[in-house]
Amino acid sequence: MGIKEEIQRRRTFAIISHPDAGKTTLTEKFLLYGGAVQLAGSVTARRKQRQSTSDWMELERARGISISATVLQFDYDGYRINLLDTPGHQDFSEDTYRVLTAVDGVVMVIDAAKGIESQTRKLFAICRRRGIPIFTFMNKLDRPTKDPLALLDELEQVLQIGAVPMNWPLGTGFEFRGVFDRMAKHVHLYEMNANGAYRAPVEISSLDDPIVRERLPEGVYRTMNEEIQMLDHAGESFDADAVLSGNMTPVFFGSARNNFGVQLLLDGFLSHAGTPRPRSSNGTVVPMEREMFSGFVFKIQANMDPKHRDRIAFLRVCSGKFTRDMSVVHSRTGKRLRLSNASKIFGQTRETVDEAYPGDIVGFVGQSSLGIGDTLAEDPSVVYKEIPHFPPEYFAALHNPHSGNYKKFRDGVDQLLQEGVVQGLQLTGTGQRVPILGAVGPLQFEVVQYRLENEYGAPSKLEPKEWKLLRWLEPSYDIKTFPRTHLPSGCVLAENAEQQHAVLFTSEWALNYFVEREPDVKLSELPVGS
């Protein structure tokens, strides 16, 4: 099979949602229907039940939330699927945003009882800006929900996107019996099974089959027929080009917990989401079929296997063919690297990869020089600028309470900063070497402390700080001339590991006061070049 054929069968996507909408549960069910696991676990698993494959970190299992993006790769129906499970909690949105740079489409999970929620809107906006296909799964139809037509209207009004239902629910809540596939004109009647751990038994028939009328309450049957007729005459028509450009979202209804509608969603996504998309370097599109390999690092994760204390850099292949042991140029340093320890990742497990193609996600073990956003390429002129940066909104000092743990503490903090779990700073001109952490949400600090103690044996003490805003100085600015005396009380100078200088402000008022006093000092929300 040639490179063009290999690219054609790749599908790389992420699942996004507001917390508790059912994102990780749906991820597990994709693995179940894709044949990658035989028994699906629930993220809120009880004792003696399975835990989710994608939630590998102990803290994730203890809290019942996803806090780290996970890569899952498997084959299904002739496709090579790279599925990225993202954190749903808003405090870990940075990790999610980085993952979205590596995918070619998303499945947006919505709790049908709650409709579109705040985190869903934020993540949708990122996807919309990138112009990638967005497929919608209205989840939890086996519970009381909003009216399905109202949910469609909410999609179109709130998100300003065309919405075309690919299937339609046969009742909701306790009356939910299945879905009608509008494309194939088939009714799928479902049966409950053991906590949704196995594929749901399903009967397929036509809309006028007597069994459909027997299984549905009279009111549900009548309403379903009226709604389907209305959609056929007045609803959106499926437009493949509009889907691929991100201007129309195919909508599927079902229940991930009980496996209702999961197969239709998976098959529909693989059929309509399109092939991998090329990336640009220095304003020029890099053809995926070109012979020379290239890709970019979008995530770093340490200690996925606690027995080995290793470090994995996840790379999206953008062009050419990757082969194990090949030599490439590391764009940030200009040095050559040999890519020997390449792995295919499945949650916490891995296996050696000998080759990969555009769209694939490859994990490189033990490459300590790699950082988030780095480009690896055979052609040194190819450099990808895909990774977004976000200004932190919460700050804290992290203290080492035990001097005997200095090396463990330092190594642990350095590794977590490399992973991008939080942003790291040092106060300038104070002589203090206490790490200052910046985060989008405060729960990120809890993850840092938890992992420091459990993975590195280094307990820590967190001291929340009063700063609310961070602004960066221009690289050419002479820090020796900075007017420290004009900083409002509590505001300080800081710098990152690249010695880029910034100012930490306690409030919007403090920022405005300084800008008025020092208009010649140019400040920006992000470091120049980000």
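All figures in this text were calculated on a predicted structure; none of them were measured in a lab.

**A short note on unusual backbone geometry**
Comment: phi is negative for the bulk of residues other than glycine, and the bulk of peptide bonds are trans. A positive phi is found at Lys185, a non-glycine position, where the angle reads about 60°. Take Lys185: it is sitting in the loop between strand 8 (178-181) and strand 9 (186-190). Here Lys185 falls in the partly exposed class, since its relative accessible area comes to 44%. Positive phi values are uncommon outside glycine, yet Gln499 reaches one of about 60°. Residue position: Gln499 is located in the loop between strand 29 (492-495) and strand 30 (501-505).

**Overview of the packing of aromatic side chains**
Scanning the entire structure with this criterion turns up 15 aromatic pairs. Between Tyr190 and Phe260 the ring centres are 4.8 Å apart and the planes differ by 15°, which places this aromatic pair in the stacked class. Residue Tyr190 is found in strand 9, and its partner Phe260 is found in the loop between strand 11 (248-253) and helix 10 (262-272); the two are separated by 70 residues along the sequence. In terms of burial, Tyr190 and Phe260 fall into one category: buried. Aromatic side chains Phe293 and Phe322 sit 5.8 Å apart centroid to centroid with 55° between the ring planes, which places their arrangement in the tilted category. Of this pair, Phe293 sits in the loop between strand 13 (284-285) and strand 14 (294-302) while Phe322 sits in strand 16 (residues 322-323); the two residues are 29 residues apart in sequence, bridging distant segments of the chain.

**Regarding helix 6 (residues 148-158)**
Every buried residue belonging to helix 6 is among Pro148, Leu151, Leu152, Glu154 and Leu155, and all of these are buried. All buried residues of helix 6 project into a common sector of 155° when viewed along the axis, lining one side. On its buried face, helix 6 is in contact with strand 4 (105-111), strand 5 (134-139), strand 6 (162-165), strand 7 (167-170), helix 8 (218-234) and strand 11. Among the residues of helix 6, the N-terminal cap falls to Asp147, whose side-chain oxygen and the backbone nitrogen of Leu149 are separated by 3.0 Å. At the exit of helix 6 stands Gln160, carrying a positive phi of roughly 55°.

**Describing the sheet that holds strand 31 (residues 523-524)**
If you trace the eight strands from one edge of the open sheet to the other, you get 27-24-26-25-29-30-28-31, paired in antiparallel fashion. Every other strand in the sheet has two partners, leaving strand 27 (461-464) and strand 31 as the edge strands with one partner each. Where strand 28 (residues 469-473) lies against strand 31, two bridges are found, and the strand directions are antiparallel. Note on strand 31: the bridge partner recorded for Trp472 is Ser524. The strands that helix 11 (residues 406-419) touches are strand 24 (394-399), strand 25 (423-427) and strand 26 (436-439); relative to strand 24, the one it contacts most, it runs at about 155°. Across the sheet, helix 12 (residues 443-456) is in contact with strand 24, strand 26 and strand 27; its angle to strand 24 comes to roughly 20°.

**So, the confidence of the model for the chain**
Residues at a pLDDT of 70 or more form 88% of the chain, whose mean pLDDT is 87. Confidence drops under a pLDDT of 50 for residues 42-51, and excluding neighbours within four residues, the segment shows 16 contacts in the predicted structure. Ignoring residues within four places in sequence, the model shows residues 63-68, a span with pLDDT below 50, making 31 contacts including any to other chains.

**A word on helix 10**
Looking only at helix 10, the buried set comprises Val262, Leu264, Leu265, Leu266, Gly268, Phe269 and Leu270. Within two residues after helix 10, Gly274 carries a phi angle of roughly 90°, on the positive side.

**Observations concerning the packing of helix 2 (residues 23-33) against helix 10**
It is the contact of helix 2 with helix 10, at a shortest axis distance of 10 Å, that shows an interaxial angle of 80°. One element, helix 2, and the other, helix 10, form an angle in the roughly perpendicular class. On helix 10, the residues that touch Leu26, Lys29, Phe30 and Tyr33 of helix 2 are Val262, Gln263, Leu265 and Leu266. Counted by class, the contact of helix 2 with helix 10 contains six nonpolar, one polar and one charged residues.

**Some remarks on the environment of Gly261**
For Gly261, the location among the structural elements is in the loop between strand 11 and helix 10. C-alpha of Gly261 to C-alpha of Phe137: the two residues are 124 residues apart in sequence and 9.1 Å apart in space. Not counting residues up to four positions away in its chain, the partners in contact with Gly261 are Phe137, Tyr190 and Phe253.

**Here's the deal with the pairing of strand 8**
Burial of the side chains of strand 8 extends over both faces: Gly178 and Phe180 are buried on one face and Val179 and Asp181 on the other. With four bridges joining them, strand 7 and strand 8 adopt antiparallel strand pairing. Across the sheet, Leu170 pairs through a bridge with Gly178, a residue of strand 8. Here strand 8 pairs with strand 9 via four bridges, running antiparallel. Bridging across to strand 9, Gly178 finds its partner in Leu189. Once strand 8 ends, the chain turns through four residues before running back antiparallel as strand 9, passing Lys185 with a positive phi of about 60°.

**Considering the nonpolar core**
Core analysis: the biggest nonpolar cluster contains 61 residues, and Val106, Leu155 and Phe298 have the highest contact counts within it. At five residues, the largest contribution of residues to this core is made by helix 8. When residues no more than four places from it in sequence are discounted, the contact partners of Phe298 are Leu84, Arg98, Val99, Thr101, Ala102, Phe314, Leu315, Arg316, Ile361, Ile372 and Ile387. Core analysis: the second largest hydrophobic core is formed by 31 residues, Phe74, Phe135, Met166 and Val262 among them.

What counts, and where the lines are drawn
- Residues numbered from 1 in each chain as written.
- Predicted model: local features only at pLDDT ≥ 70, side-chain atom pairs only at ≥ 80, totals over all residues.
- Heavy atoms only, no water.
- Helix = DSSP H or I, 4+ residues; strand = E, 2+ residues; numbered from the N terminus.
- Buried < 20%, exposed > 50% of the residue type's maximum accessible area, 1.4 Å probe, protein only.
- Phe/Tyr/Trp six-rings, centres within 6.5 Å; stacked < 30°, edge-to-face > 60°.
- Arc of directions from axis to C-beta.
- Contact = heavy atoms within 4.5 Å.
- Polar contact = N/O pair within 3.5 Å; in protein donor to acceptor, adjacent residues only side chain to side chain.
- Pairing = 2+ DSSP bridges.
- Axes fitted to C-alpha atoms, helices over the stretch in contact; angles between N-to-C directions.
- pLDDT = per-residue confidence, 0-100.
- Parallel < 35°, antiparallel > 145°, perpendicular 65-115°, else oblique.
- Nonpolar A, V, L, I, M, F, W, Y, C, P; charged D, E, K, R; others polar.
- Core = buried A, V, L, I, M, F, W, Y, C linked by side-chain atoms within 4.5 Å.

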